[in-house]
Amino acid sequence: MKIEYLGLAVSFFCFLIGIKFPDWDFKWKLRHRSIVTHSPLFSIILVSFYYTRLEERLFSYVIASFSFGIMIHMIFDLFPHGWGSGALLKIPVARISCSPKNSQYFFLFTIIFNFFFVLLFLEKREEYFIYSIFGFLYMLTRIPYEKKIWRPLGIYLMLTILGTLNFVDIALK
């Protein structure tokens with residue numbers, strides 16, 4: 001098993017940033033669950049920076065782990081305690097809150113989009129396995145705080161299993 005340990009160290013740090021990033025809407029004085037931070041926007045910016053300026057292997061870990069963190073954050077946001085005002089996606093320019101259904105659809109879109117970036121930028125199945133285990137353990141640590149686990153964990157496990165299909169061809173070679 002050949003793993004780039006520097007890449008995993010960078011991954012751990014960027015994962016923690018990605019997990020917290022959607023709630024930076026508070027720091028930026030935006031309404032909670034702003035479309036600015038609760039979307040794949042910053043992952044897309046990182047990807048475009050990668051393809052236009054960098055194309056460095058270490059930066060691919062930044063993209064994968066940041067996107068992975070946002071994905072897990074959004075999985076939990078998909079299951080709020082209730083779909084009241086604080087749980088809805090906000091669009092700051094228009095100063096509107098989306099409906100519960102539109103918020104759910106957008107959060108699902110964000111989860112899938114970021115998951116795609118994880119698969120796109122991780123090259124080795126061993127790294128994916130480590131990410132998967134780490135994400136599972138992180139989700140378990142959130143049980144006392146989130147007071148919900150079965151539906152978020154179910155979605156996470158489903159995505160993890162689907163993601164392994166991305167590495168099947170590599171494993172057969």
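Check the entry above for the structure.
Remember, it's a predicted structure, so these values are computed and weren't measured experimentally.

A. Summary view of empty space enclosed by the protein. The tally for this structure, following the rule as stated, stands at one cavity of 30 Å³ or more. Size it by volume and the largest cavity reaches roughly 50 Å³. Taken together, Phe68, Met71, Phe115, Val118, Tyr128, Tyr131, Ser132, Tyr156, Leu159 and Thr160 make up the full set of residues lining the largest cavity. Contributions of two or more residues to the lining of the largest cavity are made by α3 (57–77), α4 (100–121), α5 (125–141) and α7 (150–164). Within the lining of the largest cavity, the residues separate by chemical class into eight nonpolar, two polar and no charged.

B. Focus on α5. The first and last C-alpha atoms of α5 sit 24 Å apart over 17 residues, in line with the 24 Å expected at 1.5 Å per residue. For α5, every residue scored as buried is listed here: Glu127, Tyr128, Tyr131, Ser132, Gly135, Tyr138 and Met139. Angularly, the buried residues of α5 cover 140 degrees about the axis, an arc narrow enough to put them on a single face. Those residues of α5 hidden inside the fold are in contact with α1 (5–20), α3, α4, α6 (143–146) and α7.

C. Region of the structure containing the packing of aromatic side chains. Throughout the structure, instances matching the rule amount to 24 aromatic pairs. Here Phe15 and Phe134 contribute two aromatic rings whose centre-to-centre distance is 4.9 Å and whose plane-to-plane angle is 75 degrees, an arrangement assigned as edge-to-face. Pair noted here: Phe15 is in helix α1 and Phe134 is in helix α5, with a separation of 119 residues, a long-range link. With a centroid separation of 6.0 Å and an interplanar angle of 45 degrees, the aromatic rings of Phe116 and Phe117 are classed as tilted.

The rules behind each value
- Residues numbered from 1 in each chain as written.
- Predicted model: local features only at pLDDT ≥ 70, side-chain atom pairs only at ≥ 80, totals over all residues.
- Heavy atoms only, no water.
- 1 Å grid on protein atoms, 1.4 Å probe; cavity = no way out; pocket = protein on both sides within 12 Å on 5 of 7 lines; lining within 4 Å.
- Points joined across faces, edges and corners; volume = space filled by probe spheres on them.
- Helix = DSSP H or I, 4+ residues; strand = E, 2+ residues; numbered from the N terminus.
- Nonpolar A, V, L, I, M, F, W, Y, C, P; charged D, E, K, R; others polar.
- Expected span 1.5 Å × (residues − 1).
- Buried < 20%, exposed > 50% of the residue type's maximum accessible area, 1.4 Å probe, protein only.
- Arc of directions from axis to C-beta.
- Contact = heavy atoms within 4.5 Å.
- Phe/Tyr/Trp six-rings, centres within 6.5 Å; stacked < 30°, edge-to-face > 60°.

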